[in-house]
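An overview of the molecular structure
Each chain, written out:
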Amino acid sequence: FPNPTVDAGHVHYVTFRNGSLAGKRKIIMSYRIDAPRDTKFIPREQPNLPGTIRLYFQRQGDKWTGRGRQRWYRWYAPNATVRELAPGVYTMEANLNVTGWLPVSGGMENGFTEAFNDALEYADRVGFVMGSRVAAGHGVYTDKQARFTLLSFDVM
């Protein structure tokens, strides 16, 4: 993790190209964070909140605007699966059904389920984001040296 201030940088999105998620049931990720126990994981936005990690996927063609049709292109795992960043070994799991997933635009308008299923069908990237519960992928830095190690990442 970059440290000790926001000026040193921050970790936002960590992704890889997976392709379509049609027919897949879940994403499972295991990771380890090595850091002193009193390390603070600080969101770039809302630095008063705890730093978090959340699974996500992204539809192909996303231009990062979050507007128009693109409001349905990035999807964040349900709030119940979000973890606060802390030293230790962890496993995260998110089922790939529409329940609880949040689009980049927020809200559950008409067409929500169809847009989610389309995003699964035409998915391009999967991964995880760091930020806060309010600003999921807006980045995290630490006040001390810390290392994140991805142990496994599976789409099943």
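Definitions and cut-offs
- Residues numbered from 1 in each chain as written.
- Predicted model: local features only at pLDDT ≥ 70, side-chain atom pairs only at ≥ 80, totals over all residues.
- Heavy atoms only, no water.
- Helix = DSSP H or I, 4+ residues; strand = E, 2+ residues; numbered from the N terminus.
- Contact = heavy atoms within 4.5 Å.
- Buried < 20%, exposed > 50% of the residue type's maximum accessible area, 1.4 Å probe, protein only.

Some remarks on the environment of tyrosine 90
Along the chain, tyrosine 90 turns up in strand β7 (residues 88-95). Residues tyrosine 90 and serine 30, 60 residues apart in the sequence, show an inter-C-alpha distance of 5.6 Å. With residues near it in sequence (within four places) discarded, tyrosine 90 still touches Met29, Ser30, Tyr31 and Arg83.

Comments concerning unusual backbone geometry
With omega at 0°, the peptide bond leading from asparagine 3 into proline 4 counts as cis. For glutamine 46, which is not glycine, the phi dihedral falls at a positive 60°. In this structure, glutamine 46 sits in the loop between β3 (41-43) and β4 (52-59). Glutamine 46 sits in the partly exposed class, given a relative accessible area of 29%. Positive phi outside glycine occurs at tryptophan 64, with the angle close to 70°. Within the secondary structure layout, tryptophan 64 lies in the loop between β4 and β5 (74-76). Judged by relative accessible area, which is 46%, tryptophan 64 ranks as partly exposed.

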